[in-house]
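Report on the structure
Each chain is listed here by its residues.
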Amino acid sequence: MNTTFQGSKDYVASDELMRSVNIAIALQKPLLIKGEPGTGKTMLAEAISAALGKKLIIWNIKSTTKAQDGLYVYDVVQRLYDSQFGNEGVDDIKKYVKLGKLGEAFSADEQVILLIDEIDKADLEFPNDLLWELDKMEFYIPETKETVKAKQRPIVIITSNAEKELPDAFLRRCIFHYIQFPDEEQMKEIIKVHYDNIEDHLLDQVLETFYWIRELYNIQKKPSTSEVIDWIQALVLGGIDPEKIKAKVPFAGVLLKKNEDIDTMRRFLK
């Protein structure tokens, strides 16, 4: 089994990113990954899981997510319901305690990868509320008077779209890496992972148009890596002549998701 991350056949990682991953693993610190949408932040955790042969546990963060959700949930309503109907075992509180994603990662017999995805979606207190657990790798369940302690310290990957600033105390405990948007050469590598037989002329026309659109003034939502990959599939399925890609930008709605952005691009095509 690999002990260091060297990328994977399905994920093109820069040398600097691979070093950041391996430093975080060696120092046993969470790796905080930032970058604009579509730069492969979430896929990084999947690639690490595949490359190191370790289970991946994903904790998707929403605006309503609380730190407690990742530790455990005590279903007091179900216990009350069971007690009213005379169900057996209501005195066994453990039956009504379910571990969250962090609890699952701590309880795993073997080391796992824990992805805390889009941490910036939660409220400002959320990262601080996790500091103790991520530092000490344990938490206490008052209802059962038990302490859940990590059997194996998980490899923690945290992603952020930089929608809001994270607390300094939290940042100090992380290894940080910002994934730059791929340049044209790196994007070619990424695309060839998905389309290994793509014709060079088609790829050149796609990338010339793609980066031209990203650099247009007033584009509100720049197209991302996943969108250019989908666009290539649409162009191939549509049998589009590569010579017409830059002049017509067919299937523009695959790349651009706002009317204003499509209108902006059309003005520059005239």
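Residues numbered from 1 in each chain as written. Predicted model: local features only at pLDDT ≥ 70, side-chain atom pairs only at ≥ 80, totals over all residues. Heavy atoms only, no water.

Before going further, it helps to examine the overall build of the chain. When helices and strands are counted, the chain shows 14 helices and nine strands. Principal-axis analysis of the C-alpha atoms places the extent of the chain at approximately 75 × 45 × 35 Å. Put simply, of all contacts in the chain between residues at least 6 apart along the chain, 72% involve residues at least 24 apart. Accessible area of the chain: about 14,900 Å², with a carbon and sulfur share of 48%. Side chains of the chain give 36 positive and 45 negative charges; the mean places of these two sets differ by 2 Å. (Helix = DSSP H or I, 4+ residues; strand = E, 2+ residues; numbered from the N terminus. Contact = heavy atoms within 4.5 Å. Areas by Shrake-Rupley, 256 points an atom, 1.4 Å probe, with all protein chains shown as cover. Lys, Arg positive; Asp, Glu negative; His and termini not counted. Charge placed at Lys NZ, Arg CZ, Asp CG, Glu CD.)

Per the stated rule, a full pass over the model turns up 14 salt bridges. We note a salt bridge from Glu104 to Lys101, for which the minimum N-O separation is 4.0 Å. Residue Glu104 and its partner Lys101 are located together in helix H5 (residues 101-107), separated by three residues, close to a single helical turn. Between Lys257 and Glu227 there is a salt bridge whose closest N-O contact spans 3.3 Å. Of this pair, Lys257 sits in the loop between helix H13 (252-255) and helix H14 (259-269) while Glu227 sits in helix H11 (residues 225-237), placing them 30 residues apart in sequence. Salt bridges sharing common partners tie together Glu185, Lys188 and Asp204. (Salt bridge = Lys/Arg side-chain N within 4 Å of Asp/Glu carboxyl O.)

The topology assignment puts Ser49 in helix H2 (residues 41-52). Within the structure, the side chain of Ser49 is placed 2.5 Å from the backbone oxygen of Lys54, a separation counted as a polar contact. For Ser49, the residues in contact, after removing those within four places along its chain, are Lys54, Lys55, Leu56 and Ile113. (Polar contact = N/O pair within 3.5 Å; in protein donor to acceptor, adjacent residues only side chain to side chain.)

On to the sheet that holds strand E1 (residues 31-34), then. Taken together, five strands build an open sheet; the order of strands is E2-E5-E8-E1-E9 and the sheet is parallel. If you trace the sheet from one side to the other, it starts and ends with strand E2 (56-60) and strand E9 (175-178), each paired once. Shown here is a sheet whose adjacent strand axes are inclined to one another by a mean of 20°, direction ignored. Note that strand E5 (residues 113-117) and strand E8 (residues 155-160) share four bridges and pair parallel. Looking at E8, one finds that Leu114 is bridged to Val156. Contacts from helix H1 (residues 15-27) reach E1, E8 and E9 within the one sheet, and its direction differs from that of E9 by about 165°. (Pairing = 2+ DSSP bridges. Axes fitted to C-alpha atoms, helices over the stretch in contact; angles between N-to-C directions.)

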